[in-house]
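# A closer look at the structure
These are the residues of each chain, in order.
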Amino acid sequence: MTPDKEKLARTSITVPEQLLAEFKRYCDLQRRSVSAQITLLMEEALKQSQKDSE
């Protein structure tokens, strides 16, 4: 692993099966893995939260 790469953590979530199936189709359309899409959404949520608290 190179020094410029972030260390990754693994987690587990519980969601309704239908929601996950729809989200996987959405991710396919976005050409991202589920993990990459969740990471992007988490980053965007944190950025928005920071803007809202200013």
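Preceding this paragraph is the structure being described.
A brief look at the structure comes next. (Residues numbered from 1 in each chain as written. Predicted model: local features only at pLDDT ≥ 70, side-chain atom pairs only at ≥ 80, totals over all residues. Heavy atoms only, no water.)

In terms of helices and strands, the protein chain carries two helices and zero strands. Relative to the compact-globule value of 10 Å for 54 residues, the protein chain shows a C-alpha radius of gyration of 14 Å, a clear excess of over 25%. Summarising its shape, the C-alpha atoms of the protein chain cover approximately 35 × 35 × 25 Å along the three principal directions. Residues classed as buried in the protein chain amount to 4% of the 54 residues present. Counting only carbon and sulfur atoms, one obtains 53% of the accessible surface of the protein chain, whose full area is about 5600 Å². Averaging the coordinates of the 9 positive side-chain charges in the protein chain and doing the same for the 9 negative ones gives two points 6 Å apart. (Helix = DSSP H or I, 4+ residues; strand = E, 2+ residues; numbered from the N terminus. Rg over C-alpha atoms; globule rule 2.2 N^0.38 Å. Buried < 20%, exposed > 50% of the residue type's maximum accessible area, 1.4 Å probe, protein only. Areas by Shrake-Rupley, 256 points an atom, 1.4 Å probe, with all protein chains shown as cover. Lys, Arg positive; Asp, Glu negative; His and termini not counted. Charge placed at Lys NZ, Arg CZ, Asp CG, Glu CD.)

In this section: the layout of surface pockets. Here the largest pocket is characterised by a volume of approximately 790 Å³. Surrounding the largest pocket, 19 residues form its lining, T11, S35, I38, T39 and M42 being those nearest its centre. Those elements that provide at least two residues to the lining of the largest pocket are α1 (17–30) and α2 (34–52). Among the elements that line the lining of the largest pocket, the one with the most residues is α2, at seven residues. (1 Å grid on protein atoms, 1.4 Å probe; cavity = no way out; pocket = protein on both sides within 12 Å on 5 of 7 lines; lining within 4 Å. Points joined across faces, edges and corners; volume = space filled by probe spheres on them.)

Bringing the environment of E43 into the picture now. Secondary-structure assignment places E43 in helix α2. C-alpha of E43 to C-alpha of S12: the two residues are 31 residues apart in sequence and 18 Å apart in space.

So, to be careful, I would describe these as geometric facts and stop short of saying anything about function.
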